[in-house]
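# Remarks on the overall topology
Below, each chain spelled out in residue letters.
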Amino acid sequence: MRRFFLKRPMFYTTTDVYSTILSYFCMIFHSIMTRSYKIYILILLFPVLLWSCGSRKHAGDKTALAVSLAPESRLLEALAGDSYEIITVLENGANPELFEIPMARRVAVDRCRIYFKNGGLPFENAILATLPDSVRVVNLSEGITPIFGTHGHHHHHDGESHNEHEDEEFDPHIWTSVKNARVMASNMARALIALDPSQTDAVNRRLSALDQRLDSIDRSIAARLDSAGSNKFLIWHPSLSYFARDYGLTQIAVGQEAKEVPVGRLKEIIDTATADSITTFFFQKEYDSRQAETVSRELDIKYETIDLLSRDWLEQLNTITDVLTR
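From a predicted model like this one, the values you see are computed outputs, not experimental measurements.

## Considerations on the overall build of the protein chain
In terms of helices and strands, the protein chain carries eleven helices and eight strands. Per-residue burial for the protein chain yields a buried fraction of 43% across its 326 residues. Sequence separation of at least 24 residues holds for 59% of the intrachain contacts in the protein chain that already meet a minimum separation of 6. Carbon together with sulfur atoms contributes 53% to the accessible area of the protein chain, which is approximately 17900 Å² in total.

Right under this line is the structure:
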């Protein structure tokens with residue numbers, strides 16, 4: 001039998017070991033096996049070979065960080081630069097209240113160093129329940145004054161926060177406030193610096209630039225909305241509560257999660273919109289538009305489709321401001 005020797009390099013990585021062992025195995029395999037045995041063993045070893053390829057693919061990858069939503073990935077990219085791989089959990093166009101994370105993405109989240117959770121999103125609870133201890137969880141809502149009661153069985157219209165909330169749900173749409181986005185960015189920056197202190201100056205420079213940009217956007221929106229003719233608007237799902245609170249507006253939610261709007265509720269909305277001369281109706285693209293079209297016809301108001309889960313959510317807030325001030 002022919003002899004083979006495995007020469008080990010002085011310095012090697014995990015990828016080198018996998019490659020060398022695999023090469024050595026192939027030489028022996030080719031030398032001593034008959035054709036029929038080769039086919040049989042390849043079938044048996046196929047899953048192992050796939051695992052080996054997958055392991056080699058991830059070797060040397062950038063450190064991974066995860067966020068729940070695309071707007072948060074945009075903030076994190078501005079702070080982290082190109083030093084990290086950023087994984088966004090929610091798929092584009094998916095309804096966050098019904099979303100179930102695909103297995104491949106769940107595995108990717110489990111190998112992250114940090115998971116930046118938004119808070120209040122159902123799919124986050126499923127992730128956090130089994131997240132490995134190796135993944136640090138950072139709460140992006142820390143330091144933000146929460147709003148409660150917008151997602152319960154009743155509809156709270158004025159977007160104000162309360163002191164007692166034992167039976168009310170936390171409104172998760174924190175990123176729709178530019179003021180909140182500044183707090184979220186600060187939370188991200190602290191976590192990045194703790195992960196890699198050598199990047200402190202770079203992260204702080206990026207945070208300063210991002211904070212100035214967000215502050216400028218906030219002041220611009222506030223100045224434009226000061227001249228708005230009406231401070232009330234309809235919206236299908238109450239996702240602009242924090243935006244409304246920032247600028248003294250009142251959102252009136254039409255829909256009730258994924259349920260049909262009761263006839264009595266629909267009549268109440270129509271009466272309110274008519275009495276207050278409301279002419280603005282926002283509809284989020286991730287929901288079924290059929291009921292919104294019915295409400296639009298009943299009110300004789302054209303609904304404006306918005307995408308607050310977009311990476312370009314700041315541009316969406318600018319569009320919302322345009323609609324409210326026209």
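## Re the pattern of salt bridges
Counted under the stated rule, the structure contains 15 salt bridges. With a shortest N-O distance of 3.0 Å, Asp-218 and Lys-179 are connected by a salt bridge. With Asp-218 in helix H7 (residues 200-225) and Lys-179 in helix H6 (residues 178-195), this residue pair connects regions lying 39 residues apart in the sequence. Residue Asp-218 is classed as buried on the basis of its relative accessible area of 6%.

## What about the pairing of strand E5 (residues 232-235)?
Here E5 runs beside strand E6 (residues 250-253); their pairing, made up of four bridges, is parallel. Within E6, the residue paired with Lys-232 across the bridge is Thr-250. Read as a crossover between parallel neighbours, the route from E5 over helix H8 (residues 241-246) to E6 is right-handed. Pairing of E5 with strand E7 (residues 281-284) involves two bridges; the strand directions are parallel. Each bridged residue has a counterpart across the sheet, and for Ile-235 the counterpart in E7 is Phe-282.

## Observations concerning the packing of aromatic side chains
Applying the stated criterion across every chain, the model contains seven aromatic pairs. Considering the side-chain rings of Phe-99 and Phe-123, the 5.4 Å spacing of their centres and the 85 degrees angle between planes classify their relative orientation as edge-to-face. With Phe-99 in the loop between strand E2 (84-88) and helix H4 (103-110) and Phe-123 in helix H5 (residues 122-129), this residue pair connects regions lying 24 residues apart in the sequence. Relative accessible area serves as the criterion here: at 4%, Phe-123 is assigned to the buried category. These aromatic residues form a ring-pair network of at least three members: Trp-236, Phe-281, Phe-283 and Tyr-303.

## Observations concerning helix H11 (residues 313-325)
An ideal rise of 1.5 Å per residue puts 18 Å on 13 residues; H11 measures up with 18 Å between its terminal C-alpha atoms. For H11, every residue scored as buried is listed here: Trp-313, Leu-314, Gln-316, Leu-317, Ile-320, Thr-321, Val-323 and Leu-324.

## Details of unusual backbone geometry
The backbone of Ser-277 sits at a positive phi, close to 55 degrees, despite the residue not being glycine. Among the structural elements, Ser-277 can be located in the loop between helix H9 (263-275) and E7. On the accessibility criterion, Ser-277 (53% relative accessible area) is exposed. The backbone phi angle of Asp-300 is positive, close to 60 degrees, even though this residue is not glycine. Within the secondary structure, Asp-300 is located in the loop between helix H10 (290-299) and strand E8 (303-306).

## So, the environment of Ile-269
Inspection of the secondary structure puts Ile-269 in helix H9. The exposure class of Ile-269 is buried, given its relative accessible area of 1%. Not counting residues within four places of it along the chain, the set of residues in contact with Ile-269 comprises Leu-234, Ala-253 and Val-254.

## Brief notes about the side chain of Glu-72
Within the secondary structure, Glu-72 is located in helix H3 (residues 70-80). Although buried, Glu-72 forms no salt bridge, and the nearest oppositely charged side chain, Lys-117, lies 11 Å from it. Ignoring anything within four residues of it in the chain, the contact list for Glu-72 reads Val-67, Phe-116, Asn-118, Leu-140, Met-184 and Met-188.

Procedures and definitions
- Residues numbered from 1 in each chain as written.
- Predicted model: local features only at pLDDT ≥ 70, side-chain atom pairs only at ≥ 80, totals over all residues.
- Heavy atoms only, no water.
- Helix = DSSP H or I, 4+ residues; strand = E, 2+ residues; numbered from the N terminus.
- Buried < 20%, exposed > 50% of the residue type's maximum accessible area, 1.4 Å probe, protein only.
- Contact = heavy atoms within 4.5 Å.
- Areas by Shrake-Rupley, 256 points an atom, 1.4 Å probe, with all protein chains shown as cover.
- Salt bridge = Lys/Arg side-chain N within 4 Å of Asp/Glu carboxyl O.
- Pairing = 2+ DSSP bridges.
- Right-handed = clockwise from strand over helix to strand, strands pointing away.
- Phe/Tyr/Trp six-rings, centres within 6.5 Å; stacked < 30°, edge-to-face > 60°.
- Expected span 1.5 Å × (residues − 1).
- Lys, Arg positive; Asp, Glu negative; His and termini not counted.

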